[in-house]
Amino acid sequence: MPFSPEALQAVWLTLRLATLTTVLLLVLATPLAWWLARTPSRWRAPVSALVTLPLVLPPSVLGFYLLVAMGPHGPLGQLTQALGWGVLSFTFTGLLIGSVVYSLPFAVQPLQHAFEAIGARPMEVAATLRARPLDAFFSVALPLARPGLLTAAILSFAHTVGEFGVVLMIGGNIPGRTRVVSTQIYGHVEAMEYAQAHWLAGGMLLFSFVVLFALALLGRRSARVLP
Amino acid sequence: MSAITDHGLHIRLTLPRASFELQLDLQLPAQGVTVLFGASGSGKTSVLRCVAGLERARAARVQVGGEVWQDDAAGIFLPTHRRALGYVFQEASLFEHLDVQGNLQFGVRRTRAPQAARTLQAAVELLGIAELLRRRPHELSGGERQRVAIARALATDPQVLLLDEPMAALDLARRQEILPWLDRLHGELRIPMLYVTHSADELARLADHLVVLERGRVKNAGPVAEVLTTIDGPVVVGDDAGALLGGVVAERDSRWHLARVAFDGGGLWLRDSGTAVGQRVRLRVLARDVSIATAEPQHTSIQNHLQSRIESVVPCAHPSQVMVRLRCGSCVLLARITQRAYVELGLQPGQTVWVQVKSVALVQ
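Owing to the predicted nature of the structure, the values given are computational and were not obtained by experimental measurement.

**Some words on the overall build of chain B**
- Counting secondary structure elements, chain B contains eight helices and 21 strands.
- A compact globule built from 364 residues should have a C-alpha radius of gyration of about 21 Å, and chain B, at 23 Å, falls within 12% of that.
- Each principal axis of the C-alpha atoms in chain B carries an extent, and together these give about 70 × 50 × 35 Å.
- Per-residue burial for chain B yields a buried fraction of 40% across its 364 residues.

**Looking at the interface of chain B and chain A**
- The partner chain A presents 15 residues to the 18 residues of chain B that form the contact.
- Among the elements that make up the side of chain B that touches chain A, the one with the highest residue count is helix H2 (residues 100–111) of chain B (four residues).
- Looking at the side of chain B that touches chain A residue by residue, the class counts come to seven nonpolar, eight polar and three charged.

**With respect to helix H1 (residues 44–52) of chain B**
All names here are of chain B.
- Counting buried positions along H1 yields nine of nine residues, so the element is predominantly enclosed.
- Regarding H1, the residues found buried are Lys44, Thr45, Ser46, Val47, Leu48, Arg49, Cys50, Val51 and Ala52.
- Once H1 ends, the next one or two residues include glycine 53, with phi positive near 80°.

**Notes on the packing of helix H3 (residues 59–70) of chain A against helix H5 (residues 92–118) of chain A**
Residues and elements named next belong to chain A.
- Where H3 contacts H5, the two axes come as close as 11 Å, and the packing angle between them is 135°. It follows that H3 is oblique to H5 by the angle criterion. Relative to H5, H3 is oriented so that their crossing is right-handed. Taken together, the residues of H5 that come into contact with H3 (itself represented by Pro59, Leu62, Gly63, Leu66 and Met70) are Gly94, Gly98, Val101 and Tyr102.
- Its residues placed into classes, the contact of H3 with H5 shows six nonpolar, three polar and no charged.

**Structural notes on the domain arrangement of chain B**
Residue and element names in this part refer to chain B.
- Examined at the domain level, chain B breaks down into domain 1 (9–228) and domain 2 (242–248 + 280–362).
- The straight-line distance from the C-alpha centre of domain 1 to that of domain 2 is 36 Å.
- Counting residues at the interface gives five residues for domain 1 and six residues for domain 2.
- Where the side of domain 1 that touches domain 2 is concerned, the elements lending two or more residues are helix H6 (200–206) and helix H7 (224–228).
- Element by element, the count of residues in the side of domain 1 that touches domain 2 is highest for H7, at three residues.
- A breakdown of the residues in the side of domain 1 that touches domain 2 according to their chemical character gives four nonpolar, no polar and one charged.

**Looking at the confidence of the model for chain A**
- The predicted model of chain A averages 90 in pLDDT, with 96% of residues at 70 or higher.
- The low-confidence segment residues 223–227 of chain A, where pLDDT is below 50, has two contacts with residues more than four positions distant or belonging to other chains.

**Section: the sheet that holds strand E21 (residues 361–362) of chain B**
Residue and element names in this part refer to chain B.
- Pairing in this open sheet of five strands is antiparallel, and the strands run E14-E13-E12-E15-E21 from one edge to the other. Edge positions in the sheet fall to strand E14 (266–271) and E21, since each of these pairs with one other strand and no more.
- By the bridge criterion, two bridges tie strand E15 (residues 280–286) to E21 in an arrangement that is antiparallel. Within the sheet, the bridge partner assigned to arginine 284 lies in E21 and is alanine 361.

**Here we look at the environment of glycine 346 of chain B**
- Locating glycine 346 of chain B in the fold gives a position in the loop between helix H8 (339–344) and strand E20 (352–357).
- In this structure the C-alpha to C-alpha distance between glycine 346 of chain B and threonine 294 of chain B, which are 52 residues apart in sequence, comes to 9.1 Å.

**Looking at the sheet that holds strand E2 (residues 21–28) of chain B**
All names here are of chain B.
- Spatial strand order, E2-E1-E4-E5-E6: five strands in an open sheet with antiparallel pairing. Each edge of the open sheet carries a strand with a single partner, namely E2 and strand E6 (76–77).
- The sheet contact formed by strand E4 (residues 58–64) and strand E5 (residues 67–71) spans four bridges and is antiparallel. Across the sheet, residue arginine 61 finds its bridge partner in E5, namely aspartate 71.
- The strands touched by H1 within the sheet are strand E1 (9–16), E2 and E4, with E1 carrying the most contacts at an inclination of about 115°.

**So, unusual backbone geometry**
Residues and elements named next belong to chain B.
- Positioned with a positive phi, glutamate 165 is a non-glycine residue whose angle comes to about 40°.
- When you line up the elements, glutamate 165 lands in the loop between strand E8 (160–164) and helix H5 (172–188).
- With 22 C-beta atoms packed within 10 Å, glutamate 165 lands in the buried category.
- At histidine 257, a position not held by glycine, the phi torsion is positive, near 60°.

Cut-off values and rules
Residues numbered from 1 in each chain as written. Chains lettered and ligands numbered in written order. Predicted model: local features only at pLDDT ≥ 70, side-chain atom pairs only at ≥ 80, totals over all residues. Helix = DSSP H or I, 4+ residues; strand = E, 2+ residues; numbered from the N terminus. Rg over C-alpha atoms; globule rule 2.2 N^0.38 Å. Buried ≥ 20, exposed ≤ 12 C-beta atoms within 10 Å, placed from the backbone. Contact = placed C-beta atoms within 7 Å. Nonpolar A, V, L, I, M, F, W, Y, C, P; charged D, E, K, R; others polar. Axes fitted to C-alpha atoms, helices over the stretch in contact; angles between N-to-C directions. Parallel < 35°, antiparallel > 145°, perpendicular 65-115°, else oblique. Left-handed = near helix turned anticlockwise from the far one by under 90°. Domains from an automatic or database assignment. pLDDT = per-residue confidence, 0-100. Pairing = 2+ DSSP bridges.

Structure below.
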């Protein structure tokens, strides 16, 4: 049996985390990307820089701040305690929040580019055909941005599966609660269990390749559909 | 202003632009094609966008058929989706994620009109696109795309149809393909159309009413035949000033391959291009192709002679020439002749003369 029950548990947790992160990100990133693509506001540039930060920051820096913020004395921690949710660091929910922040640029950027490529015209056309702005957004902008939406989903999922530093900082590698595949591999290597590390690492390699391959195929198809 | 009726269009607006201010106050008829004509950047498209509410002008008032869409004095501004208009954009603007049927249905579903299905069917027939309903936009030619876009706009049963240079993005062959459909629209639609263009051909062919814009101001406005023959501040359309005459094909001479077009004030022979007798057509007669004689011309190869009365005369840009406005029945012709000829023939306003027309172009 190449996978220990612990390893399978980590795989399951990883998939759950990545799925939830992706869903949350699409909900959050879509309006944010729309705003960034369309606004003439002077807040565009600073917000855009802020959203892109996780792309360049070392995961440990991001993880450190999140840990502090979610900790018992941090602003987020105080809020969650006041609401009776307790402290979120070293919990699955904390990990989820961290993943959302960490993968935010990977969801926002493809969506923003897709919305920018569509331009203002289709929304104007929709308005002349009696569609309210929200109606036009769902019936015209989103369908036209479908390739961007798909790219955002795939990248968010894959990036969450591949995260390590943030998980280690705010999750603490607790089996069954916050131990994901990447930290499980780390554990195996530390314990000199190279065979098991190989199985998981190989699985990750294959998974990542399939994702990027799918993206490449998607890119070609969307290029053909949208002239 | 007592001229504001319930049925026409009233457009008054002020809109700052990069190098000038767009400012106009227009009362337009409730039927027919009004062409907004002017050079690129004269503000034509902005006028259309303001009427549609896509751009917001200051101190504006837009009234269409008794409905006020915008009146800044009264704090009224209807957003675009609440204005009963059809808008055809310059470039193909079909939704790429829907097929032709889906594009047509998009507006129809949102109007919730009781007879929507019938309106849609009529639009499909008017533009001849029944064969294309299952196609995707990228499978259509440029001309077909614009026909679908026009049908999509008409299917919402609008109060006014706004067309922003609908042929500018098409090549010559595609334009020839779509022009007959626009003629048909012109003949059959009972709503006013605002048509933006800088093409002399489209103007001559489609306009009933003409508004000439220059750097954001109305230079001239009125019935097209009137505006084109205004000689103080002439409107040069295409390569030269000239008159536009509406008439009917009265007879066809098969021996000489000529056709006679009759209009109020006379008739003109021109090359027979196969137009049936009884068909309404438009003729364009350029000022440089019209000459004046004090007696009926004889022994000349020019066979189109009309008796007319000199209405007025103004100097041309070059001091050697004058522009003469001639009344012929209810029609008006322009003639550009030399100042010397004018003086030596002893011409003056009010005088009855013969005009010779060297060349006539059929525009429709």
